[in-house]
Amino acid sequence: MQTFEPFKEGKVREIYDNGDSIILVATDRISAFDNILKNLITNKGKILTGISQFWFDYTKDVVPNHVITCDVAKMPEFFNNEKFAGRTMMVKKLEMLPIECIVRGYITGSGWASYKENGTVCGIKLPEGLKESDKLPEPIYTPSTKAELGEHDENISFDKSVEILKGIYGDEKGEDYAKQLRDKTVALYKKCADYALTKGIIIADTKFEFGLDENGNVVIGDEMLTPDSSRFWPLEGYESGKAQPSFDKQYVRDWLKANPDNNLTLPEDVVERTISKYIEAFELLTGKKFS
């Protein structure tokens, strides 16, 4: 049997080269503020993979995606076991574009802090009088750079994203790719946020990553609309003017901020609550029982 070693490890993923495809394995690690925490969140990798798989299938009519299969029986024998089952995706090789595609439908987090200071979010002027957690009149696209592990992403303007991509692909293609990233990001958000509302979840914001396939087409890759890459709020009890409870790792971030001497370690009750919130999000969105 051929054995595999990851050629790259992200904060939560292990990435294997399978010749003409890539195999992504979502671990149970959790990261916050660009650091990997010492705790594992049991089954988190399976939950994230299941949610991503659901969204990729739901949006394939909007944007093509990189998924080949999530069935380990259709992957090399090395992956045909319980260690990899449920948390593994075989995907197309893409030339990943160096832009984090962030879309915000509600004003919260760093966007709220910026708005209070000068009435803008990532340089975009917003209407006066917004309250924390308000729904924006229209979703806004606020791209950022992709930082290396341990470094911080940098918010950039749409024009800066055009400049970056022009520098790589030339003026015509670079501008076209930048516009596609913006338009596809907003289109995906609108479709998925509308669906999530019917399941009792507000998607406040999220980020996507895109790449180019062998024909130069823009394809969505990585993960999609998970509690790791998005802010999920319960629709029940939503009230603007204050911070919202969440289904995502904001709960972890809040605990870390409140406990600065945390040594990158969460107490067991925070771990258990995080697991339960991730499972709840999975079950509400997919309509399936997590087991």
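Residues numbered from 1 in each chain as written. Predicted model: local features only at pLDDT ≥ 70, side-chain atom pairs only at ≥ 80, totals over all residues. Heavy atoms only, no water.

Focus on the packing of helix α1 (residues 44–58) against helix α6 (residues 268–286)
Each pair of packed helices gets described by two things: the angle between the helix axes and the distance between those axes.
And step 1. Running from amino to carboxyl end, α1 crosses α6 at an angle of 25 degrees, the nearest separation of the two axes being 10 Å. Accordingly, the angle class assigned to the pair α1 and α6 is roughly parallel. Note that α1 runs across α6; the crossing there is left-handed. In contact with Lys-44, Ile-47, Leu-48, Gly-50, Ile-51, Phe-54 and Trp-55 of α1, α6 contributes Tyr-278, Ile-279, Phe-282, Leu-285 and Thr-286. (Axes fitted to C-alpha atoms, helices over the stretch in contact; angles between N-to-C directions. Helix = DSSP H or I, 4+ residues; strand = E, 2+ residues; numbered from the N terminus. Parallel < 35°, antiparallel > 145°, perpendicular 65-115°, else oblique. Left-handed = near helix turned anticlockwise from the far one by under 90°. Contact = heavy atoms within 4.5 Å.)

Digging into the layout of surface pockets
And step 1. Its boundaries defined by the atoms lining it, the second largest pocket holds a volume of some 270 Å³.
And step 2. As for the second largest pocket, its lining consists of Lys-46, Thr-49, Gly-50, Gln-53, Phe-54, Cys-70, Gly-86, Phe-282, Thr-286, Lys-288, Phe-290 and Ser-291.
And step 3. Among the secondary structure elements, those contributing two or more residues to the lining of the second largest pocket are α1 and α6.
And step 4. Broken down by element, the lining of the second largest pocket gets its largest block of residues, five residues, from α1.
And step 5. Classifying every residue of the lining of the second largest pocket gives four nonpolar, six polar and two charged. (1 Å grid on protein atoms, 1.4 Å probe; cavity = no way out; pocket = protein on both sides within 12 Å on 5 of 7 lines; lining within 4 Å. Points joined across faces, edges and corners; volume = space filled by probe spheres on them. Nonpolar A, V, L, I, M, F, W, Y, C, P; charged D, E, K, R; others polar.)

Concerning the sheet that holds strand β3 (residues 21–26)
And step 1. Reading across from one edge, β1-β2-β3-β7-β6 is the order of the five strands in this open sheet, with antiparallel pairing throughout. Lying at the two open borders of the sheet, with one neighbouring strand each, are β1 (8–9) and β6 (67–69).
And step 2. Across five bridges, β3 lies against strand β7 (residues 88–92) in antiparallel orientation. Each bridged residue has a counterpart across the sheet, and for Ile-23 the counterpart in β7 is Met-90.
And step 3. The strands touched by α1 are β3, β6 and β7; relative to β7, the strand with the most contacts, the crossing angle is about 40 degrees. (Pairing = 2+ DSSP bridges.)

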